[in-house]
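# An overview of the molecular structure
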Amino acid sequence: MTTTGVESVEHNGEVYALIVRANAASDAKYNFLTEESNELQLGMNFYKGGDVIKAHYHLMRRIETNSVVQEFLLIGAGRALLRLYDKADQTEFAARQLETGDTVLLLVGGHGLEIQEDTKIIEIKQGPYDGKTKDKVVFGA
């Protein structure tokens, strides 16, 4: 299987972020990029014209997580520089340019974005939201 346009950003042996570029491609139809045990699943699927995804719904399940809140961002329009930070000492260890159509799944550690032009970001994360003081730690605050 050949997959292009996907980057796993690792630090100290742990995956902090999965970046899927707008031009990502694969010769496989189904490409799950996260482990089955991950609390937020990320897949990249490719369908041919005429394929049908049969109508369906997902069963109700009680799901408990015991991890940090994970976040998925889609750069709908614009440009931003993603900075990733070590979860223990809050030092920056990587930066990646994100462009229109790029996505990133933030799994662990700290992150920040430097917005470089007017930018639309679509965000998905686990809920329910419990307010800024219970939801996140802001560096240098």
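Residues numbered from 1 in each chain as written. Predicted model: local features only at pLDDT ≥ 70, side-chain atom pairs only at ≥ 80, totals over all residues. Heavy atoms only, no water.

### Comments concerning the sheet that holds strand 9 (residues 110-115)
Pairing within the open sheet is antiparallel, and its three strands lie in the order 7-6-9. Taken across any chain shown, the strands that pair with only one partner, and hence form the sheet edges, are strand 7 (92-99) and strand 9. Sheet twist, expressed as the average angle between the axes of neighbouring strands with direction ignored, equals 20 degrees. Where strand 6 (residues 79-85) and strand 7 come together, seven bridges link them in antiparallel fashion. Looking at the pairing, Arg 79 lines up with Glu 99 of strand 7. (Pairing = 2+ DSSP bridges. Helix = DSSP H or I, 4+ residues; strand = E, 2+ residues; numbered from the N terminus. Axes fitted to C-alpha atoms, helices over the stretch in contact; angles between N-to-C directions.)

### Concerning the packing of aromatic side chains
Following the criterion strictly, the structure yields three aromatic pairs and no others. With a centroid separation of 6.1 Å and 80 degrees between ring planes, the pair formed by Tyr 30 and Tyr 47 is classed as edge-to-face. Of this pair, Tyr 30 sits in strand 3 (residues 30-32) while Tyr 47 sits in the loop between strand 4 (43-45) and strand 5 (71-77), and the two are 17 residues apart along the sequence. The exposure class of Tyr 47 is partly exposed, given its relative accessible area of 37%. Look at Tyr 85 and Phe 139: their rings are 5.5 Å apart centre to centre, the planes differ by 90 degrees, and that puts the pair in the edge-to-face class. Of this pair, Tyr 85 sits in strand 6 while Phe 139 sits in the segment after helix 1 (132-135), and the two are 54 residues apart along the sequence. On the basis of relative accessible area, Tyr 85 is assigned to the buried category, the value being 17%. (Phe/Tyr/Trp six-rings, centres within 6.5 Å; stacked < 30°, edge-to-face > 60°. Buried < 20%, exposed > 50% of the residue type's maximum accessible area, 1.4 Å probe, protein only.)

### What to know about the sheet that holds strand 8 (residues 103-106)
Read across the sheet, five strands follow the order 1-2-8-5-10 without closing on themselves; strand pairing throughout is antiparallel. This sheet does not close on itself; its edge strands, each paired only once, are strand 1 (3-11) and strand 10 (120-125). Adjacent strand axes in the sheet meet at a mean angle of 15 degrees when their direction is disregarded. Across four bridges, strand 2 (residues 14-26) lies against strand 8 in antiparallel orientation. Across the sheet, the residue bridging to Leu 18 is Leu 105, located in strand 8.

### Details of the environment of Ser 67
Of note, Ser 67 is situated in the loop between strand 4 and strand 5. When its relative accessible area of 33% is taken as the criterion, Ser 67 is described as partly exposed. A C-alpha to C-alpha distance of 9.5 Å links Ser 67 and Asn 38, two positions 29 residues apart in sequence.

### A closer look at the pattern of salt bridges
Tallying each qualifying case throughout the model produces 10 salt bridges. Glu 99 is the partner of Arg 79 in a salt bridge, and the nearest nitrogen-oxygen pair spans 3.2 Å. Within this pair, whereas Arg 79 is found in strand 6, its partner Glu 99 is found in strand 7, the two being separated by 20 residues in sequence. Overall, Arg 79 belongs to the partly exposed group, its relative accessible area being 29%. (Salt bridge = Lys/Arg side-chain N within 4 Å of Asp/Glu carboxyl O.)

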